[in-house]
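Listed below are the residues making up each chain.
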Amino acid sequence: MNNNLNNINDKTKIKSNNNKKRKKIILVSLILLMLLIFLILFIFFINNNKETITNDNNQVENNKPLTELEKKLLELENINEKLDFFKEENIDRYIDYKNNNPNLDLEKVIVYVNIGLDQEFYSKSYPSPNQNTSKILTNKFYSLTEDYVPNDLETIDSNFSSGSKEMVKEAKDAFEKMAKDAKSEGYNIRAVSTYRSYEYQEKLYSNYVKADGVEKADTYSARAGSSEHQTGLAVDVDNITLSYTSFGKTKEYEWMQKNAYKYGFILRYTKEAEFITGYQEEPWHYRYVGTEISTYIQNNPMTYEEYFVRFLDK
Ligand SMILES: [Zn+2]
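Thresholds applied
- Residues numbered from 1 in each chain as written.
- Predicted model: local features only at pLDDT ≥ 70, side-chain atom pairs only at ≥ 80, totals over all residues.
- Helix = DSSP H or I, 4+ residues; strand = E, 2+ residues; numbered from the N terminus.
- Buried ≥ 20, exposed ≤ 12 C-beta atoms within 10 Å, placed from the backbone.
- Contact = placed C-beta atoms within 7 Å.
- Pairing = 2+ DSSP bridges.
- Axes fitted to C-alpha atoms, helices over the stretch in contact; angles between N-to-C directions.
- Core = buried A, V, L, I, M, F, W, Y, C linked by C-beta atoms within 7 Å.
- Domains from an automatic or database assignment.
- Parallel < 35°, antiparallel > 145°, perpendicular 65-115°, else oblique.
- Left-handed = near helix turned anticlockwise from the far one by under 90°.
- pLDDT = per-residue confidence, 0-100.
- Nonpolar A, V, L, I, M, F, W, Y, C, P; charged D, E, K, R; others polar.

Q: How do you make sense of the overall build of the protein chain when you look at a structure like this?
A: Looking only at helices and strands, one finds 11 helices and 8 strands in the protein chain. For the protein chain, with 314 residues in total, the buried portion stands at 31%. For the protein chain, the proportion of contacts with a sequence separation of at least 24, taken over those separated by at least 6, is 59%.

This is the structure we're talking about:
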């Protein structure tokens, strides 16, 4: 009996040992399986992460760093989605201009290249856009033909001009109203030069060239076809007592700074914008653009060139 019992006990022991062994094997297998799953997940994660970096950041593509050019192209592509004046065909010029002006932000790069500032003044000549409207652009890239004479030229009231001076009717009316309002407040605004024909500008410019040479003359006088005066929308003013070249020192100039925009006029050639317009500052030269544009520019100071490429050059 005792012997028998012992035998049963032994069998139970063996069984229990077998069970323990099996449990151990299952446990180890489970651990191994988990490790394997973990390893697979880890490899998957690493690969996925690599792809994200390649797609989003463009730092690594096939483990090769992007060239400066590729980085700039991508930057430009991103900006393209935000700026509707971005021009696909100018992309090489944007990149060159950015390379030459690394501190300039991309929005300005695009505006300046669209204006043409990556090229020499007068190196390209396109017909002035928006002819016979107050939105015309005439400068060292956009010019008028020899026979361009604006429609609706009218003579300014002689109370507000020196001699007989003509402007496009819309601009003339606005100028007279402005000069009249200024007068009622004790300020004299007088037109001393307004519409000038192509031929007249040709003579004027060639006289300046004779006196000062081409390089100097170009900083203060327009070549024929490139003068805003040919549009009939520009006016040089004085205050009657001083020469127009001293207008910037007068109280009338201060008045114009505050009020000209209300009548649709902008100061066209400022000191800060010499590199954009290609002209020395001219505190006496005003351009009629209409009150919508003049008000915008009064609130957001910029040249008419910048306004044009941002809003009108579509
Ligand atoms: Zn002028």
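Q: Explain unusual backbone geometry to me, please; I cannot follow it from the model alone.
A: Located in the positive-phi region is Asn130, a residue other than glycine, with phi close to 60 degrees. In this model, Asp152 sits at a positive phi of 60 degrees, which is unusual for a non-glycine residue. Mapped onto the elements of the fold, Asp152 is located in the loop between β2 (142–143) and β3 (153–155). Residue class for Asp152 comes out partly exposed when judged on the 13 C-beta atoms lying within 10 Å of it.

Q: Even after reading the chapter, I still don't get the sheet that holds strand β6 (residues 234–238), so can you show me in this structure?
A: The strands making up a sheet associate through backbone hydrogen bonding, with each pair oriented either parallel or antiparallel. Taking strand neighbours across the sheet as the criterion, the 4 strands line up as β5-β6-β8-β7 in an open arrangement whose pairing is antiparallel. Strand pairing shows two members of the sheet lacking a second neighbour, β5 (190–193) and β7 (265–267), which therefore form its edges. Strand-to-strand twist of the sheet, defined as the mean angle between neighbouring strand axes without regard to direction, takes the value 45 degrees. Two strands pair when backbone bridges link them, and β6 and strand β8 (residues 285–288) are joined in this way by 3 bridges, in the antiparallel orientation. Its bridge partner being in β8, Val235 is matched across the sheet by Tyr286.

Q: I keep staring at the nonpolar core and nothing clicks. Help me out?
A: What tends to happen in soluble globular proteins is that the nonpolar side chains get buried as a cluster. By size, the foremost hydrophobic cluster in this structure holds 50 residues, and its most contacted members are Met167, Phe175, Met178, Val237, Ala260, Phe265 and Tyr286. Among the elements of the structure, α3 (91–100), α4 (106–115), β4 (166–168), α5 (169–184), β6, β7, β8 and α11 (304–312) are those that each provide at least two residues to this core. When residues of this core are assigned to domains, at least three fall in each of domain 2 (68–115) and domain 3 (126–312).

Q: I'm lost on α11 in this one. Help?
A: Each α-helix winds once per 3.6 residues, and so residues spaced three or four apart point in a common direction. Taken residue by residue, α11 has Tyr304, Glu305, Tyr307, Phe308 and Val309 as its buried positions. Check the buried side of α11 and you find it contacts α4, β7, α9 (274–277), β8 and α10 (291–299).

Q: Honestly, the environment of Val235 in this entry has me stumped. Any pointers?
A: Relative to the helices and strands, Val235 is located in strand β6. As a C-alpha pair, Val235 and Lys165 span 70 residues in sequence and 9.4 Å in three-dimensional space. Here Val235 is in contact with Met167, Phe175, Ala191, Thr194 and Tyr286, once residues within four sequence places are set aside.

Q: Mind showing me how you'd approach the pairing of β8 here?
A: On a regular strand, each side chain points to the face opposite its neighbour's, so the side chains alternate between the two faces of the sheet. Where burial is concerned, the two faces of β8 agree: the one with His285 and Arg287 and the one with Tyr286 and Tyr288 are both buried. Direction of pairing for β7 relative to β8: antiparallel, over a ladder of 3 bridges. Looking across to β8, one finds that Leu267 is bridged to Tyr286.

Q: Please clarify how the packing of α3 against α4 should be interpreted in this entry.
A: Relative to each other, α3 and α4 sit at 120 degrees, their axes nearing to 9 Å. Taken together, α3 and α4 sit at an angle that is classed as oblique. Considering the relative orientation of α3 and α4, their crossing is right-handed. Touching Arg93, Tyr94, Tyr97 and Lys98 of α3 are Leu106, Val109, Ile110, Tyr112 and Val113, all from α4.

Q: I'm lost on the confidence of the model for the protein chain in this one. Help?
A: Do not read the predicted coordinates in detail wherever pLDDT is low. In this model, the protein chain carries a mean pLDDT of 89, and residues with pLDDT of at least 70 account for 88%. Here residues 50–61 is a poorly scored stretch, pLDDT under 50, and it has 8 contacts once near neighbours within four places are set aside; other chains count.

Q: Sorry, what's going on with the packing of α4 against α11 here?
A: A pair of packed helices is characterised by two quantities: the angle between their axes and the separation of those axes. α11 packs onto α4 with a crossing angle of 100 degrees between their chain directions and a minimal axis gap of 9 Å. In terms of their interaxial angle, α4 and α11 are classed as roughly perpendicular. Side by side, α4 and α11 meet where Val111, Asn114 and Ile115 of the first sit next to Glu305, Glu306, Val309 and Arg310 of the second. A breakdown of the residues in the contact of α4 with α11 according to their chemical character gives 3 nonpolar, 1 polar and 3 charged.

Q: Would you explain the environment of Arg287 in this entry?
A: Within the element layout of this structure, Arg287 appears in strand β8. Judged by local crowding, Arg287 falls into the buried class, with 24 C-beta atoms found within 10 Å. Between the C-alpha atom of Arg287 and that of Thr194, which follows or precedes it by 93 residues, the distance is 9.9 Å. Setting aside anything within four residues of it in sequence, one finds Arg287 in contact with Glu228, Leu233, Ala234, Phe265, Ile266, Arg268 and Tyr304.

Q: Help me out: how do you make sense of the environment of Leu104 in this one?
A: As for its placement among the helices and strands, Leu104 is situated in the loop between α3 and α4. When the 13 C-beta atoms within 10 Å are taken as the criterion, Leu104 is described as partly exposed. Beyond its immediate chain neighbours, meaning those up to four positions away, Leu104 contacts Lys98 and Val109.

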